Amino acid sequence: MDLFDQRYAALAARDARFDGQFIAGVHTTGIYCRPSCPAVTPKPGNVSFYRTAAAAHEAGLRACKRCQPDAVPGSPDWNLRDDLASRAMRLVHDGVVEREGVPGLAARLGYTSRHVSRVLREELGAGPLALARAHRAQTARSLLAATDLPVADIAFAAGFGSLRQFNDTIAAVYRATPTELRTLARRGAPLPAEGGSITLRLPARAPFDAPGLFRFFADHAIRGFEEGDDTRFSRPLRLPGGPAEIEVAAAPTSGVLLSARLTTLADLPALTARVRRMFDLDADSVAIDTHLARDPDLAPLVAAVPGIRIAGSADAEEALFRTLVGQQISVAAARTVLGRIVEHFGGFPPAAQLAERGDEVLRGPAARITAIRRVAEVVAAGDLPLDPATPVAELRARLLALPGVGPWTAEYLAMRALGHPDAFPGTDLVLMQSAAALGISPSPRPAWAPWRSYAALHLWRARPSAKKAATPALGADVAAVRGI
């Protein structure tokens, strides 16, 4: 069965597992739908499949008003793959085109604008401007559905340059006015907004292990900076337009509720992209669980925790230094040190501040303090890119070239900072304890690829006992409790 036949079978079965992974364009009606659309299944000859909504727009199609194909989790491909198109899509979702234009996008990717545009058109069916336009339209639809914000504010928050551009785009994509789209998109009353905050639902594919994620963030929260429990997590964030305060809570259905106070509404697309990465909302849990459960040693672990997710980071630079500080000590000790850093600087310091003044607050062996400050200098100089477009192989190589950074740190940051699905910190003490208890090697099995990060999560979760898991690490690049 070729790819078209597989996708058509999913469309005919109205299989919701494929929502967000591809789009079905129906040329006889001029609309595009999600695979689970309840409409009558079109004939194969009348259907084309697209990887992005932008490609469907470029083909002259508009979004289906019945199934609302944009109201689904994003494609897992952008995190699963590390090619140029996938890295570009991660930056498009982060709002880079709106902030820096196509030249800025191309510069971050390390290619010319012409080359990036050509690759995106060939791979995804649309260039960077069309992809950014489609993302703006999707952001606007979400805001119209979930808030009572005035239309002009929504246009600005979604990244449109003018109200006219906003109205024209909504009409072209959805064949509706913003007011009509707001009525169509709503499912019940809008979420409440209090005191200048905005609240959005961010969907995830089921199954979704929300309790595991919230427990991880609560267990690693820095006192005075973050707060969390089994259902809620809050913290400040640095965004392109200024500081923000966010609170993320478990949603009644699969996904999370994001409440935020922003310096500028223009930061909303970047914020939602980062929270989606932080909670791994675009992962295809069914595919991951099915794949890993084929291993008889992992099958019981997968059955015990379906839908396990990578606890990511909304700030990759911060994740780097939290990881470096936490090497060789327990999580409790790391939280104490990080709390002292936050108190000293009045928040989590940027790399330049740590490089210049880190010795005022960092404690421990002089070589370790020097290594952290040296890494901070490299980051501050722009020589260690940590944005969503960073290729995983490049991140690993650059990290391993730095003093005080070994394989565990490189693998752990590939997971947490970049959300890479196929990293495996095999020298982790708790992971090794868990593997030993199961009678298996702590080395990653080729059969677990391309989701070895999730195999590591299952091994962490299955650690033999809390007492053993809390034992401080011993190696130069081995951490203590890192699992969920």
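Position numbers for residues count from 1 along each chain, tracking the sequence in the order it is written. Predicted model: local features are reported for residues with pLDDT of at least 70 only, side-chain atom pairs are reported and counted for 80 or more only, and whole-chain, interface and lining totals are derived from all residues. Side-chain metrics rest on all non-hydrogen atoms present in the structure, leaving aside hydrogens and water.

**Student:** Is there a simple way to explain the overall build of the protein chain in this structure?
**Tutor:** The helix and strand inventory of the protein chain stands at 23 helices and nine strands. Values of the radius of gyration come from C-alpha atoms, whereas the globule rule sets the reference at 2.2 Å times the count of residues to the power 0.38. Its C-alpha atoms give the protein chain a radius of gyration of 23 Å, within 12% of the compact-globule value 23 Å for 484 residues. Its C-alpha atoms put the protein chain at 70 × 50 × 45 Å along the principal axes. Throughout this description, buried means an accessible area under 20% of the type-specific maximum (1.4 Å probe, protein chains only), exposed means over 50%, and partly exposed covers the range between. Buried positions account for 56% of the 484 residues belonging to the protein chain. Under the convention used here, a 1.4 Å probe and the Shrake-Rupley method define accessible areas, while residue burial counts only the protein chains that appear. Within the structure as shown, the protein chain displays about 19600 Å² of accessible surface, and the carbon and sulfur contribution to it stands at 55%. Each charge sign in the protein chain was given a centre, from 56 positive and 49 negative side chains, and these centres are 3 Å apart. The secondary structure listing takes helices from DSSP runs of H or I that are at least 4 residues long and strands from runs of E that are at least 2 residues long, numbered from the N terminus. Charge convention: Lys and Arg are scored as positive, Asp and Glu as negative, and His as well as the terminal groups of each chain are ignored. Charged groups are reduced to one reference atom each: NZ for lysine, CZ for arginine, CG for aspartic acid, CD for glutamic acid.

**Student:** Where do I start with the sheet that holds strand E7 (residues 232–239) in this structure?
**Tutor:** The strands that make up a sheet are held in pairs by hydrogen bonds between backbone atoms, and each pair lies either parallel or antiparallel. Two strands are counted as paired when DSSP detects at least two bridges linking them. Taken together, five strands build an open sheet; the order of strands is E5-E9-E8-E7-E6 and the sheet is antiparallel. Sheet topology places strand E5 (198–203) and strand E6 (227–228) at the edges, where each strand pairs with a single neighbour. The pairing of E7 with strand E8 (residues 242–250) spans eight bridges and is antiparallel. Its bridge partner being in E8, Phe 233 is matched across the sheet by Val 248.

**Student:** Would you mind showing me how to read the packing of helix H4 (residues 84–93) against helix H5 (residues 96–109) here?
**Tutor:** Two quantities define a packed helix pair, namely the angle between the axes and the distance from one axis to the other. Angles run from 0 to 180 degrees between N-to-C directions of axes, and those axes are lines fitted to C-alpha atoms, restricted for helices to the stretch in contact. Remark: H4 packs on H5, axes separated minimally by 10 Å, with the N-to-C direction vectors making an angle of 155°. It follows that H4 is roughly antiparallel to H5 by the angle criterion. For the pair H4 and H5, the crossing hand works out as right-handed. Along its contact with H4, which presents Leu 84, Arg 87, Ala 88, Leu 91 and Val 92, the element H5 presents Val 96, Val 97, Glu 98, Leu 105, Arg 108 and Leu 109. Residue classes follow a fixed rule: Ala, Val, Leu, Ile, Met, Phe, Trp, Tyr, Cys and Pro count as nonpolar, while Asp, Glu, Lys and Arg count as charged, and any other residue, Gly among them, counts as polar. The residue inventory of the contact of H4 with H5, partitioned by class, reads eight nonpolar, no polar and three charged. Relative orientations are named as follows: roughly parallel for angles under 35 degrees, roughly antiparallel for angles over 145 degrees, roughly perpendicular for angles from 65 to 115 degrees, and oblique for any other angle. In a left-handed crossing the near helix is turned counterclockwise from the far helix by less than a right angle, and in a right-handed crossing that turn is clockwise. Residue contacts follow a heavy-atom distance rule, with two residues in contact if any of their heavy atoms lie within 4.5 Å.

**Student:** For this particular structure, what's the right way to read the pattern of salt bridges?
**Tutor:** Pairing of side chains with opposite charge becomes possible as their charged atoms draw close. Salt bridges are defined by distance alone: a side-chain nitrogen of Lys or Arg within 4 Å of a carboxyl oxygen of Asp or Glu. Scanning the model with the defined rule gives 30 salt bridges in all. As a salt-bridge pair, Asp 282 and Arg 276 come within 2.7 Å of each other at their nearest N and O atoms. Residues joined by salt bridges that share partners form a network here, namely Asp 94, Arg 99, Arg 274 and Arg 277.

**Student:** Any chance you could explain the packing of helix H7 (residues 128–146) against helix H9 (residues 163–174) here in plain terms?
**Tutor:** As a packed pair, H7 and H9 sit with axes 10 Å apart at the nearest point and diverge in direction by 90°. Regarding the angle of H7 to H9, the classification is roughly perpendicular. Residues Arg 133, Ala 137, Gln 138, Ala 140 and Arg 141 of H7 lie in contact with H9, whose contacting residues are Phe 166, Thr 169, Ile 170, Ala 172, Val 173 and Tyr 174.

**Student:** Honestly, the side chain of Thr 323 in this entry has me stumped. Any pointers?
**Tutor:** Summarising the element assignment, Thr 323 is placed in helix H15 (residues 316–326). Pairing of N or O atoms within 3.5 Å defines a polar contact, subject to two protein rules: one partner must be a possible hydrogen donor and the other a possible acceptor, and residues neighboring in sequence count only if both atoms are side-chain atoms. Here the side chain of Thr 323 touches Ala 319 through a polar contact of 2.7 Å, landing on its backbone oxygen. Every residue in contact with Thr 323, bar those within four places of it in the chain, is listed here: Trp 408, Thr 409, Tyr 412 and Leu 413.

**Student:** For this particular structure, what's the right way to read the packing of aromatic side chains?
**Tutor:** For any two aromatic rings, the description comes down to two numbers: the centre-to-centre distance and the angle of the planes. The rule is short: rings of Phe, Tyr and Trp, with Trp giving its six-membered ring, pair when the centres are within 6.5 Å, and they are stacked under 30 degrees, edge-to-face over 60, tilted in between. Applying the stated criterion across every chain, the model contains 13 aromatic pairs. Their ring planes at 85° and their centres at 5.8 Å tell us that Phe 216 and Phe 217 sit as a pair that is edge-to-face. Phe 216 sits in the buried class, given a relative accessible area of 4%. Within the aromatic cluster, the residues linked to one another by ring pairs are Phe 4, Tyr 8, Phe 18, Phe 22 and Phe 49.

**Student:** Would you take a moment to explain helix H19 (residues 392–400) for this structure?
**Tutor:** At 3.6 residues per turn, the α-helix brings residues three or four places apart onto the same side. What H19 keeps buried is the set Val 392, Leu 395 and Leu 399. With its buried residues spanning 60° around the axis, H19 presents them on a single face. Directions are taken from the helix axis to each C-beta atom, and the arc is the one they span.

**Student:** How should I be thinking about the sheet that holds strand E2 (residues 31–33) in this particular structure?
**Tutor:** In space, the four strands of this open sheet follow the order E3-E1-E2-E4, with mixed pairing throughout. With one partner strand each, in any of the chains shown, strand E3 (47–50) and strand E4 (62–63) form the two edges of the open sheet. Sheet topology places E2 next to E4; two bridges connect them, and they run parallel. If you follow Ile 31 over to E4, its bridge partner there is Arg 62. Along the sheet, helix H1 (residues 3–12) makes contact with strand E1 (23–26) and E3, crossing E3 at roughly 100°.

**Student:** Teacher, can you tell me more about the confidence of the model for the protein chain here?
**Tutor:** Low-confidence regions, as indicated by low pLDDT, have predicted coordinates that should not be scrutinised in detail. On average, the protein chain scores 90 in pLDDT, and the residues at 70 or more come to 94%. Confidence of the predictor in every single residue is expressed as pLDDT, which spans 0 to 100. For residues 466–484, every residue scores under 50 in pLDDT, and the model assigns this stretch 61 contacts once sequence neighbours within four places are set aside.

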